[in-house]
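For reference, the chains in residue letters:
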Amino acid sequence: MIKSLFEGFLDLVYPPHCILCKTNSSARLPRHPLCPQCQHQISWNTPPFCPKCSRHLGSAQRARCRDCQQTPMHFDFAWSACLYQDLLRTLIHKFKYEQKTYLRFFLTQLMIDFIHRHELDIAQFDLLVPIPLFPTRLRERGYNQSLLLTQQLSKTFNIPYADHHLIRVRPTETQTHLSRKERWTNIEHAFKIKAPWKVRGQSILIIDDLMTTGATASTAAQCLKQSGAKTVAVLTPAITL
Ligand SMILES: [Zn+2]
Ligand SMILES: [Zn+2]
């Protein structure tokens, strides 16, 4: 059978097999990189949520998660769709470090589904702002993964985005292999607001690919708040447990 031009195009974008286990599956949906078996291994972030960072609180009767109790976060609240473990960890790694930019569709869909499932009020935001990369890192990688997610969300929810208000003013070591304390020191003074009058009074949703200690998002939020942003929240496809 001759495929339509559109299907042919999608085949170019997406490999014909599951990106993780490599099986060919006819059950795979279009624009979907995973077979149903792999898809089932991705775990949603479920309530009870930490009211500050949305980390799952487990059965312990705590008002906030350990990280938020230890360090006050500068963002007002955060939403994370899934748990950063197993296959999702691999997917995000491929998205970030292996040029698999088509995974932006799938990772954005996780956030969209999470927003609908929990009836989160995304319409309250005036602006979406991706966590920026330092220019040398951006040149090496060729793209900012957080900007790719931001653009997809902007299209879906019809909220404008700006990737030039919040800028990275100092190169930072990748946070991946740093301890909790080192992450906070590493990211200190990493961001600046280019035109503070553009964020003043705005409700801003920061977009990043992952929430770990919250150090990056909190530091960026602090910058936005100091420039007069009204509300600053964070949205990511994944959070560490
Ligand atoms: Zn698979
Ligand atoms: Zn928390």
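The preceding data block contains the structure.
Residues numbered from 1 in each chain as written. Chains lettered and ligands numbered in written order. Predicted model: local features only at pLDDT ≥ 70, side-chain atom pairs only at ≥ 80, totals over all residues. Heavy atoms only, no water.

S.K.: Even after reading the chapter, I still don't get the overall build of the chain, so can you show me in this structure?
M.R.: Summing up its helical and strand segments, the chain has 10 helices and 6 strands in all. Taking 18 Å as the expected radius of gyration for a compact globule of 241 residues, we find that the chain reaches 18 Å, a close match to that expectation. Buried positions account for 51% of the 241 residues belonging to the chain. The contacts of the chain with a sequence gap of at least 6 include a subset with a gap of at least 24, amounting to 71%. Surface exposure of the chain reaches about 12300 Å², of which carbon and sulfur atoms provide 54%. Side-chain charges of the chain comprise 30 positive and 17 negative groups, with the mean position of each set lying 3 Å from the other. (Helix = DSSP H or I, 4+ residues; strand = E, 2+ residues; numbered from the N terminus. Rg over C-alpha atoms; globule rule 2.2 N^0.38 Å. Buried < 20%, exposed > 50% of the residue type's maximum accessible area, 1.4 Å probe, protein only. Contact = heavy atoms within 4.5 Å. Areas by Shrake-Rupley, 256 points an atom, 1.4 Å probe, with all protein chains shown as cover. Lys, Arg positive; Asp, Glu negative; His and termini not counted. Charge placed at Lys NZ, Arg CZ, Asp CG, Glu CD.)

S.K.: Teacher, can you tell me more about the coordination of the zinc ion (ligand 2) here?
M.R.: Ideal geometry at a metal centre gives angles of 109.5 degrees when four donors are arranged tetrahedrally and 90 or 180 degrees when six donors are arranged octahedrally. With distances of 2.3 to 2.4 Å, the protein atoms coordinating the zinc ion (ligand 2) are Cys 50 (SG), Cys 53 (SG), Cys 65 (SG) and Cys 68 (SG). Mapped onto the sequence, the donors of the zinc ion (ligand 2) take the spacing C-x2-C-x11-C-x2-C. Of the two residues, Cys 50 is situated in the loop between helix H2 (36–40) and helix H3 (66–70) and Cys 65 in the loop between H2 and H3; the sequence distance between them amounts to 15 residues. Judged by its relative accessible area of 2%, Cys 50 is buried. Overall, the relative accessible area of 3% leaves Cys 65 in the buried class. (Donors = N, O, S within 2.8 Å, 3.2 Å for Na, K, Ca; no water.)

None of this, on its own, says anything about what the molecule does.
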